[in-house]
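# Observations on the model geometry
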Amino acid sequence: MNFGVLGPISAWSNDGESLSVGGPRQRCVLGTLLMERGKEVTVDRLIEYLWDDDPPRTARSVIQVQISHLRRSFPDVIKTTAGGYMAAVEADRVDLHRFRALVERAKAAGDPAEEAVLWDDALACWRGQPFSGTGSEHLWNAVARPLLEENWSAWTSWAQCAFALHRYTEIVTRVTPLVREDPMRERLQYFLIAALYRSGQRASALAVFQECREYLAEELGVDPSPEVMELHGQILRDTESHVGRLIGAVTPSGGETAPAEQPPVHEQRPRDFVSRNDLPRDIPDFTGRENDLDRLLALGTRDENRAEIAVVTGLGGAGKTTLAVHGAHRLADRFPDGLLFIDLYGYTVEHEPVIPAAALGSLLRAIGVQPDAIPESVEERAALWRASLTGRRVLIVLDNVANFAQISPLLAAAPGSFTIVTSRQDLPGLSGAQYISLGMLTEESSLRLFSTVLGQDRVDQEEPTARAVMRLCGGLPLALRIVAGRMLSRPRWTFEHVKQRLSEHHRMFRELRIEGHSVEAVFELSYQSLNEEQRRAFLILGVMIGGTVDLHGAAALLDCDPPEADDLLQELVSVCLFEEPSVDLYRFHDLLGSYAREKAATDLSPAEAEEARRRLADHYLDMANRAADMMGPRGHHYEIDRSSSSRYETTLTDHAQATAWFERHQDNLASAVDFYAGVGLDEQAWQLADSLWRHYANHGQTELMMSTQEKALAASRANGNVRGSAATLIGLGIAHCLAGRFSHSLDLLNEARELLETIDDERGKARVYSSLSMVYDRMGRFHEALSCIWKVFEYAVAAGDRSLEGVQRANLGAMYQVLGDYEKALELCESALKIKSEEGQYETSAQVLRVLGEVNSQLGNLDQAFSYLSEALKLAQLIGSQRDEFYIRNGMAVAQRRSGDIEAAIESHKAALQLGEEVGQHSADSEILSELGCAYAEYGDAAEARRIQEQALELARTRGERHVEGRALLRLGLLPEAVPHDDRVTYLASAAKLFADLGAPEAQEAQAELQKLV
C-alpha cells in the first residue's frame, strides 16, 4: 500500500488501484500521521490542524471517529500511542519521505548524470499542492507552505545540474512555467536566462530578464540580484565565454568552474566590511513561544540561495522583539558577517518613526561605510546597502516597523542574508516573506514564565490563584512580565493579593505598569496610530455585546453595510487591535477589550453607545428567531421588527446552518438577553430567550438556558407581561428537567399553564403539556406522560398543524415503546415518517429513527435495527443534536449486545457517556450506566456489572428517575455471581413494587424472578 501527501491526500493498493481516503477531516488526520511517519502525533496537535484555533467541545470524539474510519480503510497502519497516534508505514511507501530520501541521495551523488536522474525521480514524487483536500488553514501554513519551499529548492538544484550537463532546451521547457508561477524565484530566472542564451535564443533571454526586472521593481521596488544583472550585461556584450562561470555550475567532470568576475556595482562595497553584533541583550528567562521560535530558527538555518525574510507580527506587548532578539542570538554562529539591529520607532512614545533614508544611513555606517561615502538619495543608499551585503551572511533585525514603505528600501537581497521584521501591522506587501503571528501565551507557558522569574516553589504554593492571575493578564507577555517583576521586587506579595488588585477594574491598568513599561501605554500608541474613522470603529466595537462579533453583527453595531464594516474590521486586524480567530468572526484580546471599553466610556457619548448596543441586540433577536424557525415547531409565534436589522442579516437556508449560527453566537446571545432585561425591554428579552432554549437544550448548555430564562422572566414579571412570563417559565421548567430537578420543573410548568389559561393561549398550553410529558417520562410516570402527549396531539390535529402532529406521533411511539406495546410504537413512528418533513423537523426524524431502531432491536430484527440506528446517528450528527446522539449511541450499544458483540457494546456505551461528559449533558447517564452494567454481566465480569449497576441506581435515585431505578434494581437482582441471595431478594422485591406503581411492563419479569428465589 502506498500513500501520497505531495498533492491531494491519496492512497493506492500495491497494484496501483486508488483507495478512498474519506472527507477533509479524515484526509487531514491521515496526512498529518503520514508526515510524521513512525512518530507519535498527539491528539492536541490533530485538533489544532483540524480546527485551527476554534475546536468544538467534541473535538476528541471526532478525532476518534476519524481514526476508527482510517483503521477500517488501512488495517495495521494506524497505531495508538500514549498521547495520540502513529502511522506505521515504511518511508518508501509515502511520497514525501521518498522525495526527501531522493534529495539526500542527489546531493551526495558524485556523478552529475546520476545526480540528474535522482533529481528527476525526486521531482516526480510531486502531484500538485501538498496536503490539498484537507481544508486546514493551519496545516497549510505550518506544513504545506514549507514543503513548497523544498520543492522549489529541488527544482533549483535540478536546473543547476542540468545546466552542467548542457541540457539547455530541457531547462527552458521545464523552468519557463515555473518562473511564470512565481517570478520571485531569481535563481531559477537566472538558469532560464542563461539556458536561453546558451541555446542561441539571445533575444528571448533578454526578454525574460526584462520581465523579471519589471516584476521585481513593481512588487518590491528592487532590481534583480547582482548575479542576474551581471549575466544580463554579458549577454548584451555577447561574451558567451563567461556564462558557465557565473552560475557556479558543476562541470560534467565534477569539477567546480572558476568564479565569475564581479559586476561593476560591487566596486561600491566598503573595502573593510565591519562585522559587528548590535543585538540588544538576550533575556535569560525566555519562556514559551517554542513553536514560534522553532519556525524562526528554521528560516534562519535554511541553505537556500535566497534572501530570507521573517515577519513577526502581533499585538503590542505580545513579545515580538523578545522573540526576534532571542532567535537572532541563537542564530549568531550562522551569520559571521554581522548581526544588526535597528529600532524604527513605528510605535514609540516621543519618537517619530525613522524615515528610510535615516535608517539606511545608520545601517551603512554600521557595516563600515564612511559618512562622506553615503549617497544622498534613498534609492542610491538602498542600492549601496544591497551591494555591500552581496556575498555576506548577515542577519538584520528591523524592529518596531510602522508600515511596508518604511522598510522596503532596507530589505537585504543577498542570498544567505536573513531579515527579521517585527511590526504590529501584517505588512501584506512583503512578497516571499514568512509570517509568524504571535498570539497569547498558553496557560502552561504563562505559569512557566512565573516559575522562571519567581521560582517554582512560589508558584506551586498558590497554583490555582496563579492561574487566575494569568487569566486576568490574558496571556499577554508584557502584562505577565510586569506582574512577575512587581512580585519579584515585593517578596511578601502573594498571587491572591495580586489577583485582588487586578480584579479591581478601575485600577487594572495602573497595576500593569512598571519602570516605564505600561500595557495601557502600548495600547494607546496603537490607538493613536488610527485615523478618525478607524478610531470610531474601535470605540464602538468596545461596547459590543458579548465577547465576539461576526461581520454582520459588526455591520449592525457600526451602522454600516457589511462591505464597509469588513474594510474597517480588516484594517483593525492588520494593526493587531482586533483578532480574527476564524473567518468573519472577530474579538478583542482580553486586556485590549478592557482598554477599548474604558476608552469608549470616556470618548463615546452614552446615547451613542446605547444605540449601538441596541442595534446589535436587535440583529441577534432577528437572526435567532430566523434560526429557531429551522430547529423545529415553535411554541410561540411572534413578529420581529426587522426594519433596523434586515440589511445586516446572514442568510440561513437549513437546519445545519441555523445550528452553526447558534453555536457561533450562543454566549453572545445570552449577553443580549441580559442587555434587554437590563434596560427593561421585557418583550425582546423573553422572545430572544424563547428562541434560544431548544439549541441550549440540544447542546447541553443547561446553565446558559437557565440564566437566560431567569433574566427574561424577571423582566417580564417586572412589567406584568403574562405571555412572556409563561414562555420563560416553560423554558425554565425544561432546563430544570434536564438538570434532574423534576419536582421543581413540574411546579414551574404548572405555573406557566395557569398563566396561559388566563389569556386563553391554546398553543401555549399545548407547549406546556408537551414539556410536562417529558418530565413525567423522566420520572417514570408513563401514563401521565402519555395523557399529556395525547392532549398535544389532539390540539395539533384540530389546528391543522402537520408539523406538530408529526412530532407528537414520534413522542407517542416512544412512549408506547416504553410501555411494551411495540406494534403500536412501530405504527405511530412509521406514520410520523410518512408526514412530509418540512424544514426544521430534523429532530423528529432522528427521534423516530431511533425508536424504530430500538423497537426492532427489542423484537430481534437486528439488521433492521442497525439500519435505523445508523441513519438516526448520521442525522443527529448532521444537525448537531448531541442530546439525540448519546441516546442513539446507547440504543446502538444495546443492539450490539443483542447481536453478541459485547466488546463493541461496552465501547459504544462508554462513548455515549463520554459524549455526555464533553457536552455537560448528563440526563441519560443513569440509563446508559444501567445498560453498560448489563453488557458487563453478559461479558462475564459480574463484579464490574454490580459496581456499575449500583452507580446507576444511586444516580437514578438522586435524580428521581424511577423507571431507571427499577431497571437497576432488577438487574442487580439478576447477578447471582456478585450479589448475595438475600440482597437479590430485596432488589427484586423493590423492583417489582416500583414497576407495579409505574404500570411498567417490567413488573411481571421482576415478580417472576422474585418467585424463583423465594
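This is a predicted model, so every value here is computed, not measured.

Scoring rules and cut-offs
Here the residue numbers are simple positions, counted from 1 along each chain's written sequence. Confidence filtering applies because this is a predicted model: local features only for residues at pLDDT of at least 70, side-chain atom pairs given and counted only at 80 or more, and all residues used for totals across whole chains, interfaces and linings. In computing side-chain properties, one takes all heavy atoms of the structure into account and sets aside hydrogens as well as water. Labels follow the DSSP assignment, with helices taken as runs of H or I lasting at least four residues and strands as runs of E lasting at least two, numbered in each case from the N terminus. Each residue is placed in one exposure class: buried if its accessible area under a 1.4 Å probe, protein chains only, is under 20% of its type's maximum, exposed if it is over 50%, and partly exposed if it falls in between. Residue contacts are defined here by distance: any two heavy atoms, one from each residue, within 4.5 Å place the two residues in contact. When charges are tallied, Lys and Arg are placed among the positive residues and Asp and Glu among the negative ones, while His and the ends of the chain are skipped. All charge positions are set by atom: Lys at NZ, Arg at CZ, Asp at CG, Glu at CD. In this analysis, rings of Phe, Tyr and Trp, with Trp reduced to its six-membered ring, are considered paired at centre separations within 6.5 Å, and the interplanar angle assigns stacked below 30 degrees, edge-to-face beyond 60, and tilted for intermediate values. Counted as over-ring charges are cases with an Arg CZ or a Lys NZ within 6 Å of the ring centre that also lie within 35 degrees of the ring normal. Think of a nonpolar core as a cluster: buried Ala, Val, Leu, Ile, Met, Phe, Trp, Tyr and Cys residues, connected wherever their side-chain atoms sit within 4.5 Å. A carboxyl oxygen of Asp or Glu within 4 Å of a side-chain nitrogen of Lys or Arg is what we treat as a salt bridge. A helix is expected to span 1.5 Å multiplied by its residue count minus one. Two N or O atoms count as a polar contact when they lie within 3.5 Å, although within protein this holds only if one can serve as hydrogen donor and the other as acceptor, and sequence-adjacent residues are included solely when both atoms are side-chain atoms. All axes here are fitted lines through C-alpha atoms, helices being fitted over the stretch that makes contact, and every angle between N-to-C directions spans 0 to 180 degrees. Angles below 35 degrees are treated as roughly parallel, those above 145 as roughly antiparallel, those between 65 and 115 as roughly perpendicular, and all remaining angles as oblique. Left-handed describes a crossing whose near helix is turned anticlockwise from the far helix through less than a right angle; right-handed describes the clockwise counterpart. A pair of strands is treated as paired once DSSP finds two or more bridges between them. When two cysteine sulfur atoms lie within 2.5 Å, the pair is treated as a disulfide. Like charges within 9 Å and nonpolar side chains (Val, Leu, Ile, Met, Phe, Trp, Tyr) within 5 Å are joined into patches, using only residues over 30% in relative accessible area that form no salt bridge. Calculation of accessible area relied on Shrake-Rupley with a 1.4 Å probe; when residues are assessed, cover is drawn exclusively from the protein chains displayed. How sure the predictor is of each residue is captured by pLDDT, a score from 0 to 100.

## Let's talk about the overall build of the protein chain
Helices and strands together make up the secondary structure of the protein chain, namely 46 helices and 16 strands. Expressed along its principal axes, the backbone C-alpha trace of the protein chain runs to roughly 110 × 75 × 60 Å. Counting over 1014 residues, the protein chain shows a buried share of 56%. Sequence-distant contacts in the protein chain: of pairs separated by 6 or more residues, those separated by 24 or more amount to 67%. Each charge class in the protein chain can be summarised by its mean position, and for the 104 positive and 150 negative side chains these summaries are 2 Å apart.

## A short note on the packing of aromatic side chains
Under the counting rule described, the total for this entry stands at 19 aromatic pairs. Summarising the aromatic geometry, the rings of Phe-99 and Trp-126 are spaced 5.6 Å apart at their centres and angled 85° between planes, so their arrangement reads as edge-to-face. Of this pair, Phe-99 sits in helix H4 (residues 95-108) while Trp-126 is found in the loop between helix H5 (112-123) and helix H6 (137-164), placing the two residues 27 residues apart along the sequence. Trp-126 carries the same exposure label as Phe-99, and that label is buried. Ring centres of Trp-661 and Phe-662 lie 5.7 Å apart, and the angle between their planes is 65°; this geometry places the pair in the edge-to-face category. Considered together, Trp-661 and Phe-662 belong to a single accessibility category, that of buried residues. In textbook terms, an aromatic cluster arises when at least three aromatic residues are bridged by ring pairs, as seen for Phe-523, Tyr-527, Phe-538, Phe-578, Tyr-586, Phe-588 and Tyr-595. Lying across the ring of Trp-158, Arg-174 places its NZ or CZ 4.5 Å from the centre. For Lys-791, the ring lying beneath its charged end belongs to Tyr-769, and the centroid distance is 5.5 Å.

## Section: the nonpolar core
Core analysis: the largest hydrophobic core is formed by 152 residues, its most contacted members being Phe-450, Val-519, Phe-523, Phe-538 and Leu-541. Looking at this core, the element that brings in the most residues is helix H28 (residues 606-629), giving 10 residues. Setting aside residues no more than four positions away along its own chain, Leu-541 makes contact with Val-549, Ala-554, Leu-557, Leu-558, Leu-569, Leu-572, Phe-578 and Phe-588. Formed by 78 residues, the second largest nonpolar core is a distinct cluster that contains Ile-9, Val-21, Leu-148 and Phe-163.

## Structural notes on the pattern of salt bridges
Evaluation of the coordinates by the stated rule reveals 50 salt bridges. Taking the shortest distance from any N to any O, the salt bridge between Arg-467 and Glu-443 comes out at 2.3 Å. Remark: Glu-443 occurs in helix H17 (residues 443-454) and Arg-467 occurs in helix H19 (residues 463-473); sequence separation between them is 24 residues. Residue Lys-711 is joined to Asp-674 by a salt bridge in which the shortest nitrogen-to-oxygen separation is 3.0 Å. Of this pair, Lys-711 sits in helix H31 (residues 702-718) while Asp-674 sits in helix H29 (residues 655-678); the two residues are 37 residues apart in sequence, bridging distant segments of the chain.

## Focus on H17
Its 12 residues give H17 an end-to-end C-alpha distance of 16 Å, which sits within 8% of 16 Å, the value for a rise of 1.5 Å per residue. Taken residue by residue, H17 has Ser-445, Ser-446, Leu-447, Leu-449, Phe-450, Ser-451, Val-453 and Leu-454 as its buried positions. Taken together, the buried residues of H17 touch helix H12 (290-300), helix H18 (456-461), H19, helix H20 (477-489) and helix H21 (495-503). Immediately beyond the C-terminal end of H17, within one or two residues, lies Gly-455, with a positive phi of roughly 100°.

## Describing the side chain of Asn-811
Tracing the chain through its elements places Asn-811 in helix H36 (residues 802-818). Judged by relative accessible area, Asn-811 falls into the buried class, the value being 16%. At a separation of 3.1 Å, a polar atom in the side chain of Asn-811 contacts the side chain of Gln-847.

## Quick notes on helix H13 (residues 320-330)
Looking at H13, one finds that the buried residues are Lys-320, Leu-323, Ala-324, Val-325, His-326, Gly-327 and Ala-328. The inward-facing, buried residues of H13 contact H12, strand E7 (308-314), strand E8 (339-343), strand E9 (395-401), strand E10 (418-423) and strand E11 (434-438).

## Notes on the packing of helix H45 (residues 981-998) against helix H46 (residues 1002-1013)
For the pair H45 and H46, interaxial distance at closest approach is 8 Å and the crossing angle is 155°. The angle between H45 and H46 falls in the class roughly antiparallel. Judged by the sense of rotation from one axis to the other, the crossing of H45 with H46 is left-handed. Between H45 and H46, the contacting residues are His-981, Arg-984, Val-985, Leu-988, Ala-989, Ala-991, Ala-992, Phe-995 and Ala-996 on the first element and Glu-1002, Ala-1003, Ala-1006, Gln-1007, Glu-1009, Leu-1010 and Leu-1013 on the second.

## As for the pairing of E11
Because side chains alternate across E11, one face comprises the buried residues Gln-434, Ile-436 and Leu-438, and the other comprises Tyr-435 and Ser-437, none of which is buried. The pairing of E7 with E11 spans five bridges and is classified as parallel. Note that in E11 the partner of Thr-313 across the bridge is Ser-437.

## A look at the sheet that holds E11
With parallel pairing, five strands are arranged side by side in an open sheet as E8-E9-E10-E7-E11. Lying at the two open borders of the sheet, with one neighbouring strand each, are E8 and E11. Each neighbouring strand pair of the sheet contributes to a mean axis angle of 15°, computed without reference to strand direction. Of the strand pairs in this sheet, E7 and E10 are connected by six bridges, and their pairing is parallel. Across the sheet, residue Ala-310 finds its bridge partner in E10, namely Ile-420. Lying over the sheet, H12 contacts E7, E10 and E11, oriented at roughly 160° with respect to E11.

## Looking at the state of the cysteines
Per the stated rule, a full pass over the model turns up zero disulfides. Cys-161 carries a free sulfur, and the closest cysteine sulfur to it, the one in Cys-125, is 17 Å from it. You can call Cys-161 buried: its relative accessible area is 5%.

## Quick notes on the pairing of E8
For a regular strand, the rule is simple: side chains alternate between the two faces of the sheet. Of all five residues that make up E8, four are buried, and the element is covered over most of its length. Bridge analysis of E8 against E9 gives five bridges, and the strand direction is parallel. Looking across to E9, one finds that Asp-343 is bridged to Asp-399.

## What to know about the sheet that holds strand E1 (residues 2-4)
Pairing is antiparallel across the open sheet formed by three strands, whose spatial order is E1-E2-E3. The sheet is open, and its two borders are formed by E1 and strand E3 (18-19), each paired with just one other strand. For E1 and strand E2 (residues 10-12), the ladder comprises three bridges, and the chain directions are antiparallel. Each residue of the ladder has a partner; that of Gly-4, found in E2, is Ser-10.

## Comments concerning a negative patch on the surface
There is a patch of like negative charges on the surface, built from Glu-532, Glu-533, Glu-564, Asp-567 and Glu-571. No other element matches the three residues that helix H26 (residues 562-574) contributes to the negative patch. Within the secondary structure, Asp-567 is located in helix H26.

## Details of the environment of Ala-203
Within the fold, Ala-203 resides in helix H9 (residues 202-219). Look at Ala-203 and you get exposed, because its relative accessible area is 61%. It is 9.9 Å that separates the C-alpha atoms of Ala-203 and Leu-236, two residues lying 33 residues apart in sequence.

## Topic: the environment of Asn-625
As for its placement among the helices and strands, Asn-625 is situated in helix H28. With relative accessibility at 6%, the residue Asn-625 sits in the buried group. Taking the C-alpha atoms as reference points, Asn-625 and Leu-692, separated by 67 residues in sequence, lie 8.5 Å from one another.

## Details of the side chain of Ser-594
Relative to the helices and strands, Ser-594 is located in helix H27 (residues 590-603). Since its relative accessible area comes to 8%, Ser-594 is described here as buried. Within the structure, the side chain of Ser-594 is placed 3.3 Å from the side chain of Arg-597, a separation counted as a polar contact.

## Details of unusual backbone geometry
Even without being a glycine, Asp-76 presents a positive backbone phi close to 70°. By the secondary structure assignment, Asp-76 is in the loop between helix H3 (59-73) and strand E5 (78-80). The class of Asp-76 is exposed, set by a relative accessible area of 63%. Even without being a glycine, Phe-131 presents a positive backbone phi close to 60°. Residue position: Phe-131 is located in the loop between H5 and H6.

## Points about the confidence of the model for the protein chain
Of all residues in the protein chain, 92% attain a pLDDT of 70 or more, and the chain-wide mean is 85. Of all helices and strands in the protein chain, the one with the weakest mean pLDDT is helix H11 (residues 243-246) (42), whereas helix H33 (residues 742-758) scores best (94). When the criterion is pLDDT under 50, residues 239-271 qualifies, and its contacts beyond four places in sequence or with other chains add up to 69 contacts.

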